[in-house]
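# Residue-level structure breakdown
Residues per chain, in single letters:
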Amino acid sequence: MKLATYKDGSRDGQLVLVSRDLSTAHYATGIANTLQQVLDDWNFLAPQLEDLYTTLNQGKARHAFSFNPEQCMAPLPRAYQWADGSAYINHVELVRAARNSEVPSSFYTDPLMYQGGSDDFIGPCDPVVCASEAFGIDFEAEIAVITSDVPMQTNADDAIDAVRLLMLANDVSLRNLIPNELAKGFGFFQSKPATAFSPVAITPDELGDAWQGGRVHLTLQSTWNGRKVGMCEAGPEMTFHFGQLIAHICKTRNVRAGSIVGSGTVSNKSEEVNGQKTWPKGYSCIAEKRAIETILDGKPSTEFMKFGDTIRIEMKGPNGESLFGAIEQDIVPLVQAEA
């Protein structure tokens, strides 16, 4: 099924079911008011939502209405935990190669992960608000999952079964703030503002055969200022699948229902054409494009995002249908957002 959260003036919004083709929706009132409520009592509430979802897809839901992504908050507007990984090691290899730094061997066996802010997610069509272009504004196209309760020391294979829902994410990064933060040895903080998520969160069965082994075997599209810059394959080159990422968190703690785990930037390896490296599938963040330019030309030439820029992130199924809806955001200055 497909679930979204509509804005209603509250912090947690109102849960709605969305039809498979994303054309219609129906409030889940009477079953559950919020997505967290469903996650806390999944085995009891999910079957009731499934029944309503079937009725909605059959066109028989009496109070259905046209679905509008602009009315959406993040599917889970605030979460107990937002842990973002770097599951595509090619991304790390590129960034490090650009600064002539080797990738530690442990990065290939133990996933990188940071704990992001989870109290103030933004909706798929809400603007990215930033105080200054000098911060180095960058998009990051990712996949994320929402978990059930997962006990400490759960293994990677079993952890795949803890995936309740999947979403797309724009894990906005302020690149020029990152070096000083990492130099302190405590990781990202100010360099990671509010994350945006796709209009809908979907159960794994909605992906069909594309959901295999904790990976989504589909293309993640990124369109910056109307130009498609990324058509990255999300499945084959995901070094650590979602089960491994969840198991990494569970090594020393329990994970509670409603935790969100991100894949990190979806990234694909280069191909060699006439002795030259090329990246035909593009990129899912500007930092990676700049790393490629540095590797090829000795310095980056692509600037980070400016106020007025737009970013669209979307994933389509085998028949061209949008699966999660699209993240579509404008980059705006803080003063404009406050006006």
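Keep in mind the model is a prediction, meaning the values are calculated, not measured.

## What to know about the overall build of the chain
The helix and strand inventory of the chain stands at eight helices and 22 strands. Taking 2.2 N^0.38 as the reference for a compact globule, 339 residues should give roughly 20 Å; the C-alpha atoms of the chain span a radius of gyration of 20 Å, in line with that estimate. Reported as C-alpha extents along the three principal axes, the dimensions of the chain are approximately 60 × 50 × 40 Å. Residue burial in the chain is summarised as follows: out of 339 residues, 54% are buried. Long-range contacts, defined as pairs at least 24 residues apart, comprise 73% of the intrachain contacts of the chain with a sequence gap of at least 6. A total accessible area of about 15300 Å² is found for the chain, and carbon and sulfur atoms account for 47% of it. Of the charged side chains in the chain, 28 are positive and 42 negative, and the gap between their average positions amounts to 3 Å.

## Description of the sheet that holds strand S22 (residues 327–333)
If you walk across this open sheet you meet the five strands as S7-S22-S21-S16-S17, and the pairing is mixed. Edge positions in the open sheet fall to strand S7 (128–130) and strand S17 (227–233), since each of these has one partner strand only. Along the sheet, successive strands turn relative to each other by an average axial angle of 20°, direction set aside. In the sheet, strand S16 (residues 219–224) pairs with S17 via six bridges, with the strands oriented antiparallel. Pairing of tryptophan 224 across the sheet is with arginine 227, part of S17.

## Focus: the layout of surface pockets
When its volume is computed, the largest pocket comes out at roughly 960 Å³. Looking at the largest pocket, it is lined by 32 residues, and the ones nearest its centre are Val95, Arg99, Arg175, Leu182 and Phe188. For the lining of the largest pocket, the secondary structure elements donating two or more residues are strand S5 (81–85), helix H3 (89–98), strand S6 (113–115), helix H5 (178–183) and helix H7 (286–297). In terms of residue count, the dominant contributor to the lining of the largest pocket is H3 (five residues). Grouping the constituent residues of the lining of the largest pocket by class yields 15 nonpolar, eight polar and nine charged. One number sums up the size of the second largest pocket: a volume of about 250 Å³. Every residue lining the second largest pocket is counted, 16 residues in all, and those nearest its centre are Gly117, Phe189, Lys192, Pro193 and Ala194. A breakdown of the residues in the lining of the second largest pocket according to their chemical character gives seven nonpolar, five polar and four charged.

## Topic: the environment of glutamate 102
With respect to the element layout, glutamate 102 can be found in the loop between H3 and S6. Through-space distance from the C-alpha of glutamate 102 to that of glycine 258 is 36 Å; in sequence the pair is 156 residues apart.

## As for the UniProt feature "domain: Fumarylacetoacetase-like C-terminal" (unreviewed entry) in the chain
Mapped onto this numbering, the UniProt entry annotates "domain: Fumarylacetoacetase-like C-terminal" (unreviewed entry) at residues 82–330. Overall, residues 82–330 shows 16% helix and 28% strand. The separation of its end C-alpha atoms is 23 Å.

## Re unusual backbone geometry
One non-glycine residue, glutamine 153, lies in positive phi territory at about 70°. Along the chain, the position of glutamine 153 falls in the loop between strand S9 (141–147) and helix H4 (156–160). For glutamine 153, a relative accessible area of 58% corresponds to the exposed category.

## As for the pairing of strand S2 (residues 14–18)
Across the five residues that make up S2, a large majority, five, are buried. Of the strand pairs in this sheet, strand S1 (residues 2–6) and S2 are connected by five bridges, and their pairing is antiparallel. Residue pairing in the sheet places lysine 2 in a bridge with valine 18 of S2. Sheet topology places S2 next to strand S3 (residues 24–27); three bridges connect them, and they run antiparallel.

Definitions and cut-offs
- Residues numbered from 1 in each chain as written.
- Predicted model: local features only at pLDDT ≥ 70, side-chain atom pairs only at ≥ 80, totals over all residues.
- Heavy atoms only, no water.
- Helix = DSSP H or I, 4+ residues; strand = E, 2+ residues; numbered from the N terminus.
- Rg over C-alpha atoms; globule rule 2.2 N^0.38 Å.
- Buried < 20%, exposed > 50% of the residue type's maximum accessible area, 1.4 Å probe, protein only.
- Contact = heavy atoms within 4.5 Å.
- Areas by Shrake-Rupley, 256 points an atom, 1.4 Å probe, with all protein chains shown as cover.
- Lys, Arg positive; Asp, Glu negative; His and termini not counted.
- Charge placed at Lys NZ, Arg CZ, Asp CG, Glu CD.
- Pairing = 2+ DSSP bridges.
- Axes fitted to C-alpha atoms, helices over the stretch in contact; angles between N-to-C directions.
- 1 Å grid on protein atoms, 1.4 Å probe; cavity = no way out; pocket = protein on both sides within 12 Å on 5 of 7 lines; lining within 4 Å.
- Points joined across faces, edges and corners; volume = space filled by probe spheres on them.
- Nonpolar A, V, L, I, M, F, W, Y, C, P; charged D, E, K, R; others polar.
- UniProt positions renumbered as here; feature names shortened; annotations may be inferred.

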